[in-house]
Amino acid sequence: MEQTPTLTSTLETRFPEAVVRDERKGFSGYLVKPESLIEVATFIRDEMGYDYLSSVTGVDYLPEGKMEVVYHAYKSTGGSALVFKAQTPRDNPVVPSLVPLYPGADLQEREAWDLLGIRFEGHPDLRRILMWEGFEGHPLRKDWREAFFEEEGKPFKNRWPEGRAYRIEDKNLFGNNVDYPAGFNPENWTLDGEAALYGSVGQAVQPDGSLKTDAIIVNLGPQHPSTHGVFRMAARLDGETIVDLKPVMGYLHRNHEKIGERNTYLGNMPFTDRLDYLSSMSNNFGYALAVEKLMGIRPPERAEYIRVMMAELTRISNHLMAIGALMNDLGAYFTPMLYALEERELVLDIFEAVSGSRMMCNYFRFGGVARDLPEGILEKVRVLVYDRLPRKMEDLDVYITQSEIVRNRCEGVGVLTPEQAIALSMAGPVLRASGVPYDVRRADPYSIYDRFEFDVAVRYHGDIYDRYLIRMDEIRESCRILQQVVDTIPEGRIQEGKPQYQVRVPAGEAYGRVEGPKGELGFYVVSNGKPNPWRYHVRAPSFINLTGLGPMSIGNKIADVVAVLGSIDIVLGETDR
């Protein structure tokens, strides 16, 4: 996150009264006065070329009586971040919304409002997004306490070293760790938030109360099979054509970040597995990079190779699932899915042998990995990437790629232009299918990716079909990377320093990001030198990529929306966190 002298002089010279360098020890970037934020951000985007706003993070600095909003902006042509921040008094936290400049900030600003109470002035639809509409308070604030609060940090003393574990619900007469606002009765509560939601997708009734015949609002989900019971789309229809659409999430929300700020640093590693639970190795990777930046350590050579191996196997595993699930959403039912799952099972066999688990792998450690590769695993990976997977991808091409039905349902549907994709902060295959060859492994290399030869997969139509093809392309490129890994992996140590239960993390901030299977997965971590993170924030691609769901759906038929959603490839554990 280091800024170059040129950037420093450009920003500070252009805005001497509004921009100062962040001089806090262990921090970087620039502090911008809130009243100048729009002007400065416009300059950063239009004059400096940072057209891609990747991450928006709210931070509560309770002891200092202030809130901070941290922005990570990048150039879509590649390079490191420009980090700028706006600070606002905690008792009335207000900053201007950047949605008019960077539409990709939409859902992220709503999240910061919902969980921290930071109001973004000028936001077009500032409603709660993860908590339910009647929720009391903003749970990521440092002075917020749940109904049966125990301690600020784990491990709780009653569980370790005393070992008297119990469920907090057992101490509650009603069996729920819940505290309703004063005067609230769930039996007669009316859902005011629904009116705001439906208002945001257009009015469905005439002023006199009679139903319009040309526009109605329909909810798809959360019970719809393709929304997996935990996601909903509110769509305004003109006949069967989508006029506007808003995603509704939060059904699976468990405040991952609040729990993460009470866990120890190492205690969060298995917790990251539960985000995108189809890609736990990639989740481990991003979090490990963030904490390693704070600690100032690098893994040994062999550990770096193993990490890349696990990350690319994860990409293959994820994309196989995404391709099979998309075919399900198109109505092919389970035949293509079973073909894809058969290959995914072979990857999970490797994960099980290496980490002991098929899904929640918990394998990475700060400074390396938990254990070395078992005997025979390298040969299994070699056979998989040199022989089996390339042949099976040819089979999938024959079955799916040239299918007349697949092409009719996918070509020209759910189109996102390159300009839209960048503005909406889309990431991963969705971004690259719109003709933007942005891949963090190339744009801002991490680990040892700069040593390997591979092409950034890119397609140019921005439709569902290209989002399918991108994943096919990326499986082939991952095989290419893995071939180089198994041919060149060195012997040696797999851990920097000794394995330890508790790590010392110096005070400061760090942002670790990886090119996960679904796009940029980032972890913004603030340390105050204590055993638990002061701030732990996840830049979740499944969540942010839903910003484009509405624009991709408008103008298509209601039957196409399920396919558009499938082509984004979300996992609700990561969306809701």
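Residues numbered from 1 in each chain as written. Predicted model: local features only at pLDDT ≥ 70, side-chain atom pairs only at ≥ 80, totals over all residues. Heavy atoms only, no water.

Peer 1: Explain unusual backbone geometry here, please?
Peer 2: If a residue is not glycine, its phi is most likely negative; likewise, a peptide bond is most likely trans. In this model, N255 sits at a positive phi of 55°, which is unusual for a non-glycine residue. Along the chain, N255 turns up in the loop between β10 (241-248) and α5 (256-262). Of note in this structure, R577 is not a glycine but carries a positive phi near 50°. Here R577 lies in the segment after α19 (572-576). (Helix = DSSP H or I, 4+ residues; strand = E, 2+ residues; numbered from the N terminus.)

Peer 1: Looking at this structure, how should I read the sheet that holds strand β8 (residues 216-220)?
Peer 2: Neighbouring strands of a sheet are bound in pairs by backbone hydrogen bonds; such pairs are parallel or else antiparallel. Taking strand neighbours across the sheet as the criterion, the three strands line up as β8-β9-β10 in an open arrangement whose pairing is antiparallel. The sheet is open, and its two edges are formed by β8 and β10, each paired on a single side. Direction aside, neighbouring strands of the sheet carry axes that sit 25° apart on average. For strand β9 (residues 232-238) and β10, the ladder comprises seven bridges, and the chain directions are antiparallel. Bridging from a neighbouring strand, R232 pairs with V248 of β10. (Pairing = 2+ DSSP bridges. Axes fitted to C-alpha atoms, helices over the stretch in contact; angles between N-to-C directions.)

Peer 1: What is the right way to read the sheet that holds strand β5 (residues 82-89) from this model?
Peer 2: Spatially, β1-β2-β5-β4-β3 is the arrangement adopted by the five strands of the open sheet, whose pairing is mixed. In this open sheet, the two edge strands, each paired with only one partner strand, are β1 (19-21) and β3 (52-61). Mean inter-strand twist for the sheet, computed between neighbouring axes without regard to direction, equals 25°. On the sheet, helix α2 (residues 37-46) packs against β1, β2 (30-32), β4 (66-74) and β5 and is oriented at approximately 175° with respect to β5. Those strands touched by helix α3 (residues 106-116) are β3 and β4, and its axis lies near 10° from that of β3. (Contact = heavy atoms within 4.5 Å.)

Peer 1: Even after reading the chapter, I still don't get the domain arrangement of the protein chain, so can you show me in this structure?
Peer 2: Interfaces are often sized by the amount of accessible area the parts lose when they come together. Taken as a whole, the protein chain is organised into domain 1 (5-121) and domain 2 (256-576). Using only C-alpha atoms to locate each centre, domain 1 and domain 2 end up separated by 27 Å. In this assembly, 35 residues from domain 1 lie in contact with 27 residues from domain 2. Together domain 1 and domain 2 conceal approximately 2,400 Å² of surface at their shared face, both sides included; 58% is due to carbon and sulfur atoms. Considering only the surface of domain 1 that becomes buried against domain 2, Y52, Y74 and L107 emerge as the three largest contributors, covering 24% of it. In this assembly, domain 1 and domain 2 are joined by one salt bridge. A salt bridge links K85 to E509; the shortest N-O distance between them is 2.8 Å. In this assembly, domain 1 and domain 2 are joined by twelve residue pairs in polar contact (both at pLDDT 80 or more). Put simply, the parts of the chain that give the side of domain 1 that touches domain 2 at least two residues each are β3, β4 and α3. Among the elements that take part in the side of domain 1 that touches domain 2, β3 stands out by supplying ten residues, more than any other. (Domains from an automatic or database assignment. Buried area = accessible area lost by both parts, 1.4 Å probe. Salt bridge = Lys/Arg side-chain N within 4 Å of Asp/Glu carboxyl O. Polar contact = N/O pair within 3.5 Å; in protein donor to acceptor, adjacent residues only side chain to side chain.)

Peer 1: Just to check I follow, could you spell out the side chain of S553 for this structure?
Peer 2: With respect to the element layout, S553 can be found in helix α17 (residues 549-553). Residue class for S553 comes out buried when judged on its relative accessible area of 1%. Setting aside its immediate chain neighbours within four residues, S553 contacts I242, L245, V561 and V564. (Buried < 20%, exposed > 50% of the residue type's maximum accessible area, 1.4 Å probe, protein only.)

Peer 1: What should I look at first to understand the pairing of β5 in this one?
Peer 2: It is a general feature of regular strands that their side chains alternate between the two faces of the sheet. Here β5 lies mainly inside the structure; six of its eight residues are buried. Pairing geometry for β2 and β5, over three bridges, is parallel. In the strand pairing of β5, L31 is matched with K85. The sheet contact formed by β4 and β5 spans eight bridges and is antiparallel. When the sheet's bridge partners are listed, K66 is paired in β5 with P89.

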